Amino acid sequence: MKAEQMKPIKVDFNNMMSDFIGSKEGIAQRDITLIKPLADEAAAAYKKGRGKGMTGWTELPYNQSEIVADIKKTAGEIIEKFDNFVVLGIGGSALGPFAVFNALCHLRYNDLSKRKRKGPRFFVEDNVDPERMAALLDVVDIGKTVFNVITKSGSTSETMSQYLIISDILKKKLGDKWNQHIIATTDTKNGNLIKLAKDNKFKTFYIPANVGGRFSELCPVGLLPAAVLGIDIEAMLEGAKYIDGVCSESDDVFANAPLMSAALQYISIKKGKNISVMMPYADSLRYMADWYCQLWGESLGKENDLNGQKIYAGQTPVKALGVTDQHSQVQLYTEGPFDKVITLIAVEKYRKTVKIADGCAEYPNVNFLCGHTLNELITNERLATEYALQRAQRLNHTIILPSVNAYTIGQLIMFFQIETAYLGTMLNIDTFNQPGVEEGKNATYALFGRQGYEEKKAEIKASPKKKSKYII
Ligand code: PA5
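Residues numbered from 1 in each chain as written. Predicted model: local features only at pLDDT ≥ 70, side-chain atom pairs only at ≥ 80, totals over all residues. Heavy atoms only, no water.

Chemist: Describe the site of the ligand, naming the residues involved and giving the relevant values.
Modeler: Taken together, 15 residues lie around the ligand, and S93, T151, S153, T156 and Q294 are the ones closest in. With the chains in place, 93% of the 380 Å² that the ligand exposes on its own is no longer accessible. Under a 2 Å grid-point criterion requiring more than half of the atoms, the pocket assigned to the ligand is the second largest pocket. (Near = heavy atom within 4 Å. Areas by Shrake-Rupley, 256 points an atom, 1.4 Å probe, with all protein chains shown as cover. 1 Å grid on protein atoms, 1.4 Å probe; cavity = no way out; pocket = protein on both sides within 12 Å on 5 of 7 lines; lining within 4 Å. Sits in = over half its atoms within 2 Å of the grid points.)

Here you go:
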């Protein structure tokens, strides 16, 4: 990657401050000073906790050189042999690969000719809607498709059902060679997928035991799909390394953007802002907002704090897209309840410039657009939204990407991961577990009569029966 593309992302938090949105809603410098001890604690916990417990993700920019080499070699073989690359996974095993695909590939990638694409078509199947599986099978030639089955636990019902369906079709169609169409990405020893991988000799990549699903985009979960798409995965890791460096070097909240963002969100939560809106002004980043929503929701939404007190922590993440949602959600954001923090994502230099043509000189109310570009329009609309939010005294800040590339996306991923970890420390919760998700997984196993889940099945059976009078 060229040096001029490796620029840092920045955060503009002017519109979080009382100087800009007034003292009733805004945050005063004094408020930040007051929580400095908590911010210091979060900064120290990040540094002290590196690589310990479930923070293996902090080390991923540094410890994967052999894995990256294997991924690049495998990606090269896949590009040679296959027309389609399908990820089978859900949650943290799907949202990252899809977000990065959308951020860094052509926005109509699968519609491009093979020559223009330079790699296989790309699909992420993260649901078990039968119509969706049937639709996929309608559009891919299974003999020219490789399936990357991604599951850390190796037992998630959705992913394992997809695996069963696909492996059955592969076996019937391809006989002995079926196993060459599956790549497993899973835990080194736990779960069923690793056993199946060994028994069937699948090419396998590993998710480190100390890396949880939603923090796994920068390990083979995300790196293999990205490499198959021709994305510079080393630049992604370099971007992540840069942000980690900023956070490791400085505990000063005014010099550490993820720490400042976490501190501002913490103060906002205490002021009753229970909703975090993520609104990128770029179609390429719309699925980064989905990825963020999982990270934020699953990490921070916790019933208990670390002392076992019931605190019902969390901030509901909401995704929006600029400018599209200016004509949908922004009315609510500017005039509805004062319960949100809005994060805009700005792109300084889009990868394309599209000029708005002349041709309406006699219509001044249209002509004002002529000769400008869509780039200017989207930028001015973002600035206009910022202004409208500020005028309506709504907390908002902007993450600025110099451009969208592998380096800035690596930064953005690491930025949000570290911000989440900092905020988790400030809220005194376990950021890295997900008991609520596990509860749903266990209830599914029980409903299917899986061995070992008899108690859960009895518990479900004993729950109140639905009353027909409430179904009309
Ligand atoms: O962040 C998480 O841990 C979850 O969202 C998981 O990624 C998701 O439940 C899928 O789990 P697995 O990768 O074990 O199939």
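From this point, things continue past the structure.
Chemist: Talk me through the packing of helix α4 (residues 65–81) against helix α10 (residues 220–228); I want residue IDs and the actual numbers.
Modeler: Two numbers describe how α4 lies on α10: the axes approach to 8 Å, and their chain directions differ by 40°. In terms of orientation, α4 lies oblique with respect to α10. Of the two elements, α4 crosses α10, and the hand of that crossing is right-handed. Along its contact with α4, which presents I67, V68, I71, T74, A75, I78 and I79, the element α10 presents P220, L223, L224, A227 and V228. Residue classes in the contact of α4 with α10 are distributed as 11 nonpolar, one polar and no charged. (Axes fitted to C-alpha atoms, helices over the stretch in contact; angles between N-to-C directions. Helix = DSSP H or I, 4+ residues; strand = E, 2+ residues; numbered from the N terminus. Parallel < 35°, antiparallel > 145°, perpendicular 65-115°, else oblique. Left-handed = near helix turned anticlockwise from the far one by under 90°. Contact = heavy atoms within 4.5 Å. Nonpolar A, V, L, I, M, F, W, Y, C, P; charged D, E, K, R; others polar.)

Chemist: An account of the nonpolar core is needed here, citing residue identities and associated values.
Modeler: W57, I231, L285, W291, F416, L423 and M426 are the most contacted members of the largest nonpolar core, which totals 99 residues. Here this core takes 13 residues from helix α17 (residues 406–427), the largest share from any one element. Built from parts of two domains, this core gets at least three residues from each of domain 1 (3–51 + 235–427) and domain 2 (58–233). With sequence-adjacent residues up to four places away left out, L285 is seen in contact with A103, P280, I345, V347, L401, V404 and I409. Judged by nonpolar contacts, the second largest core, of 19 residues, contains V149, M160, A184 and L193. (Core = buried A, V, L, I, M, F, W, Y, C linked by side-chain atoms within 4.5 Å. Buried < 20%, exposed > 50% of the residue type's maximum accessible area, 1.4 Å probe, protein only. Domains from an automatic or database assignment.)

Chemist: Summarise the domain arrangement of the protein chain; cite the residues concerned and give the values.
Modeler: Bring the parts together and some accessible area is lost; that lost area is often taken as the interface size. When cut into domains, the protein chain gives domain 1 (3–51 + 235–427) and domain 2 (58–233). Computed over C-alpha atoms only, the centres of domain 1 and domain 2 are separated by 30 Å. Contact residues are listed per partner, giving 31 residues for domain 1 and 28 residues for domain 2. With both sides pooled, the region where domain 1 packs onto domain 2 buries about 2,500 Å², and carbon together with sulfur makes up 67% of that total. The largest contributions to the domain 1 side of the interface with domain 2 come from M236, L237 and Y287, which together make up 25% of the buried area. Our count for the domain 1 to domain 2 interface comes out at two salt bridges. Note that R214 is salt-bridged to E298, the shortest N-O span being 3.1 Å. The interface formed by domain 1 and domain 2 includes 14 residue pairs in polar contact (both at pLDDT 80 or more). At the level of elements, α11 (233–249), α13 (286–300) and α17 are the ones that each hand at least two residues to the side of domain 1 that touches domain 2. (Buried area = accessible area lost by both parts, 1.4 Å probe. Salt bridge = Lys/Arg side-chain N within 4 Å of Asp/Glu carboxyl O. Polar contact = N/O pair within 3.5 Å; in protein donor to acceptor, adjacent residues only side chain to side chain.)

Chemist: So, the sheet that holds strand β7 (residues 275–280): which residues are in play, and what are the values?
Modeler: Pairing within the open sheet is mixed, and its five strands lie in the order β1-β12-β11-β7-β10. One side of each edge strand has no neighbouring strand; the edge strands of this open sheet are β1 (10–12) and β10 (316–319). Between one strand and the next, the sheet's axes are offset by a mean angle of 20°, whatever the strand orientation. Summarising the sheet, β7 and strand β11 (residues 340–347) pair through six bridges and their orientation is parallel. Pairing of I275 across the sheet is with K340, part of β11. Set on the sheet, α13 makes contact with β7 and β10; between it and β10 the angle comes to about 175°. Packing against the sheet, α17 makes contact with β1, β7, β11 and β12 (396–401), and its axis sits at approximately 145° to β12. (Pairing = 2+ DSSP bridges.)

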